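# A closer look at the structure
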Amino acid sequence: DVPRSPDHWPRWRGTDGAGQGGSAKFPHTWTDKDWAWSVDLPGVGHASPVVWNDSIVVASADPLTGTRIVTCHSTLDGSVKWRSEMPGNVERVHAQNSLASSSAAVDQSGIYWTWATRDGLNVEAFSHDGKRLWHADLGPYESEHGFGSSLALFRDLLIVPIEQDGPSSVVALDTSTGDLRWKLPRSTARTAYSTPLIMESDKPVAILASMAHGITGIDPQRGTILWQRACFPKRTVSSPVLVGNSVACTCGEGGGDNLLIALRLPTDASFDGSPVEPAISFELDRSIAPYVPTPVCSGNRLYLWGDRGVVTCVHAISGEVVWRGRVGGTFSASPIVVGGTVLNVSADGDIVVIADDDEFRLLGTTSLGEPSRSTPAVARGKMFFRSVGKLYAIHALVEKTLTDR
């Protein structure tokens, strides 16, 4: 796995998509006067913030014109470093979606972002000073609920899932040029919104989830299937997460008929032979499994933050329930672990903080003042939040006297 850097939050949910914010302590609750800063964003959106050194990047869209907007802000004071606009169409999306729900990914070479209309799925690449490096059009995009998947970085490749209602695939693009490096055709089923999980090692694996194929491990260098288990009867919106020696993901639907499957990561897979089918470590049913929020792991505790405000802690190896607690509200964002707490943001914009512990303890709630469906980011001694139309930063308690380096 890629080690987490305190200066970077390079993709949705940070390094490896694991939601690990480090050991810095943050307040359990605060008021508007405690914000380090807050700034208005152009348009609206649900894209989560990403951070590289002293820059924070977020995407928005003008709901009246369909223009997509990527903005880069200073982590020090929120001021705009640069802004790039892309003309686009206004199209119908699910009430919980937006025209800018995909989160960017960033590395030392650039910033990468995806957005889509029915006419085309677009990938944009920017330099760190805002210059547009290249654009790729990956063809028409079909979905009853609009676009929302985020891409993932693997070394010099962008892994882009295009598992939609129309012809589907997963592709890898060269980060320098946008050229297609490989394409893996996929079966067509209900659109998947999962973000790939990249496992870096001597034998790297990109893990994807969809209703059509279940959970799949592919060789990110070649685009070949290493292992796969078709195990999902419903749509996948959440993303795969490592849980000990297993990988877990959920499927479901708006009515709450959800399922979590944890697959034991194959150790005997032949990377040059036929794909293997992993064994199931455990599964959890609709009363426990979330639909949209991705679970988060802390040691032997796996937190399942339910869409309707019930949080369940299960043992990460056995799936046995440790505790359940109600925090209230509804949730589309995904929880993160930071400084001995687990934190998530409700659709109404309430930041809810609970203890990272073997018993349920609600520690505090703070309101953003407007709706939010974005997952927070942690870097450079601050935690960053995004509501539909604003960007906010709060100082860590132990680093309150430090300035950005």
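Here is a short report on the structure shown in this document. In this text, all values refer to a predicted model and were calculated from it rather than measured experimentally.

Before going further, it helps to examine the overall build of the chain. Scanning the chain for helices and strands turns up 0 helices and 33 strands. Scaling as 2.2 N^0.38, a compact globule of 405 residues should have a C-alpha radius of gyration of about 22 Å, and the chain matches this with 19 Å. Taking the principal axes of the C-alpha coordinates as reference, the chain spans close to 60 × 50 × 40 Å. Considering the chain as a whole, with its 405 residues, one finds that 61% of them fall into the buried category. Intrachain contacts of the chain at a sequence separation of at least 6 include 52% that bridge at least 24 residues. Taking the 36 positively charged and 44 negatively charged side chains of the chain as two groups, their mean positions are separated by 2 Å.

Let us look at the sheet that holds strand β9 (residues 120-126). Read across the sheet, 4 strands follow the order β7-β8-β9-β10 without closing on themselves; strand pairing throughout is antiparallel. With partners counted over all chains shown, the strands left at the sheet margins are β7 (105-106) and β10 (132-137), one partner each. Two elements, β7 and strand β8 (residues 111-117), share 2 bridges in a ladder whose sense is antiparallel. From the neighbouring strand, Ala105 faces β8, where its bridge partner is Tyr112.

This part takes up the nonpolar core. One broad trend across soluble globular proteins is that nonpolar side chains are buried collectively. Judged by nonpolar contacts, the single largest core of 29 residues is most densely connected at Phe26, Trp35, Ile351, Met383 and Phe385. Breaking this core down by element, the ones donating at least two residues are β2 (37-40), β4 (55-61), β27 (336-338), β28 (341-345), β29 (350-355), β31 (377-379), β32 (382-386) and β33 (390-395). Top contributing element to this core by residue count: β33, with 4 residues. If sequence neighbours within four positions are ignored, Met383 has contacts with Phe26, Ile336, Val338, Leu343, Pro376, Ala377, Val378, Tyr392, Ala393 and Ile394. Core analysis: the second largest hydrophobic core is formed by 19 residues, Leu121, Trp134, Ala136 and Ile162 among them.

Reading across from one edge, β19-β20-β21-β22 is the order of the 4 strands in this open sheet, with antiparallel pairing throughout. Both outer strands of the open sheet, β19 (241-243) and β22 (280-284), are each paired with one neighbouring strand and no more. Between one strand axis and the next, the sheet turns by 25° as a mean value, whatever way the strands run. Bridge count between β19 and strand β20 (residues 246-251): 3 bridges; the pairing is antiparallel. Bridge pairing in β20 places Val241 opposite Ala248.

Next up on the list: the pairing of strand β16 (residues 205-210). Burial within β16 is extensive, with 6 of its 6 residues counted as buried. Residue alternation in β16 divides its side chains into two sets, Val205, Ile207 and Ala209 and Ala206, Leu208 and Ser210, and both sets are buried. Note: strand β15 (residues 197-199) against β16, 3 bridges, orientation antiparallel. Bridge pairing in β16 places Ile198 opposite Ala206. What sits between β15 and β16 in their antiparallel hairpin is a turn of 5 residues. The pairing of β16 with strand β17 (residues 214-219) spans 5 bridges and is antiparallel. Bridge pairing links Ser210 to Gly214 in β17. Counting the residues that bridge the hairpin from β16 to β17 gives 3 residues.

For the rest of this paragraph, the subject is the state of the cysteines. Scanning all chains against the criterion turns up 0 disulfides. No disulfide involves Cys251; its sulfur sits 7.7 Å from the nearest other cysteine sulfur, which is in Cys231. Residue classification places Cys251 among the buried residues on the basis of a relative accessible area of 0%. For Cys313, which is in no disulfide, the shortest distance to another cysteine sulfur is to Cys297 and amounts to 9.2 Å. Judged by its relative accessible area of 0%, Cys313 is buried.

Definitions and limits used
Residues numbered from 1 in each chain as written. Predicted model: local features only at pLDDT ≥ 70, side-chain atom pairs only at ≥ 80, totals over all residues. Heavy atoms only, no water. Helix = DSSP H or I, 4+ residues; strand = E, 2+ residues; numbered from the N terminus. Rg over C-alpha atoms; globule rule 2.2 N^0.38 Å. Buried < 20%, exposed > 50% of the residue type's maximum accessible area, 1.4 Å probe, protein only. Contact = heavy atoms within 4.5 Å. Lys, Arg positive; Asp, Glu negative; His and termini not counted. Charge placed at Lys NZ, Arg CZ, Asp CG, Glu CD. Pairing = 2+ DSSP bridges. Core = buried A, V, L, I, M, F, W, Y, C linked by side-chain atoms within 4.5 Å. Axes fitted to C-alpha atoms, helices over the stretch in contact; angles between N-to-C directions. Disulfide = S-S within 2.5 Å.

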